[in-house]
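Read off the chains here:
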Amino acid sequence: QVQLVESGGGSVQPGGSLRLSCVASGSIFSINAMGWYRQAPGKQRELVTQITSGGSTNYAESVKGRFTISRDNAKNTVTLQMNSLKPEDKAVYYCNADVGGSTWLKSFASWGQGTQVTVSS
């Protein structure tokens, strides 16, 4: 099985920045796609961004130009640089990794605890 541990969340004012990190470990030596989701109170998880093992990326329209995803394939880690944060970005952020052979996220590992991001003045 694969375990996912997120870190780097915190509280910032609008316009601030945070850098989230995620490490995947367990019964894997390499992974395919990795990505970030977020879940606000009363809402389901939504895909924020993902990156393939080859470096292809996509982003939700709401975060384009503000967030940047990157990864280290050898270390099975993925990071999310979050700039120009807005109050609507407040959520618990989760990472995930594809545990099958898909290029993009499809067969998810179990969810970790996530990391809380709060944006308020």
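See the structure printed just above.
Read on for a plain summary of the structure. Because the structure is predicted, anything quoted here is derived from the model rather than measured.

Rules behind the numbers
- Residues numbered from 1 in each chain as written.
- Predicted model: local features only at pLDDT ≥ 70, side-chain atom pairs only at ≥ 80, totals over all residues.
- Heavy atoms only, no water.
- Buried < 20%, exposed > 50% of the residue type's maximum accessible area, 1.4 Å probe, protein only.
- Helix = DSSP H or I, 4+ residues; strand = E, 2+ residues; numbered from the N terminus.
- Pairing = 2+ DSSP bridges.
- Axes fitted to C-alpha atoms, helices over the stretch in contact; angles between N-to-C directions.
- Core = buried A, V, L, I, M, F, W, Y, C linked by side-chain atoms within 4.5 Å.
- Contact = heavy atoms within 4.5 Å.

1. Some details on the pairing of strand S10 (residues 115-119)
As a general feature of sheets, a regular strand has side chains that alternate between the two faces.
Then, in step 1: Counting buried positions along S10 yields four of five residues, so the element is predominantly enclosed.
Then, in step 2: The pairing of strand S2 (residues 10-12) with S10 spans three bridges and is parallel. Along S10, the bridge assignment pairs glycine 10 with valine 117.
Then, in step 3: Bridge analysis of strand S9 (residues 91-97) against S10 gives three bridges, and the strand direction is antiparallel. Looking across to S10, one finds that valine 92 is bridged to glutamine 116.

2. With respect to the sheet that holds S2
Sheets are built from strands that pair by backbone hydrogen bonding, the pairs being arranged parallel or antiparallel.
Then, in step 1: Spatially, S2-S10-S9-S4-S5-S6 is the arrangement adopted by the six strands of the open sheet, whose pairing is mixed. Each edge of the open sheet carries a strand with a single partner, namely S2 and strand S6 (57-59). The mean inter-strand angle of the sheet, taken between neighbouring strand axes irrespective of direction, is 25°.

3. A look at the nonpolar core
Then, in step 1: Membership of the largest hydrophobic core comes to 26 residues, with the highest contact counts inside it found for Leu4, Trp36, Phe67, Val78, Leu80, Met82 and Tyr93.
Then, in step 2: When residues of this core are traced back to their parent elements, those giving at least two are strand S1 (2-7), strand S3 (18-26), strand S4 (34-39), strand S5 (46-51), strand S7 (67-72), strand S8 (77-82), S9 and S10.
Then, in step 3: The residues touching tyrosine 93, leaving out its near neighbours within four places in the chain, are Glu6, Leu20, Trp36, Tyr37, Arg38, Val48, Phe67, Leu80, Met82, Gly114, Thr115 and Val117.

4. Quick look at unusual backbone geometry
Then, in step 1: The backbone phi angle of asparagine 76 is positive, close to 55°, even though this residue is not glycine.
Then, in step 2: Tracing the backbone shows asparagine 76 in the loop between S7 and S8.
Then, in step 3: Residue class for asparagine 76 comes out buried when judged on its relative accessible area of 5%.
Then, in step 4: Look at serine 84: it is not a glycine, yet its phi comes out positive at around 50°.
Then, in step 5: Following the sequence through the fold, serine 84 ends up in the loop between S8 and S9.

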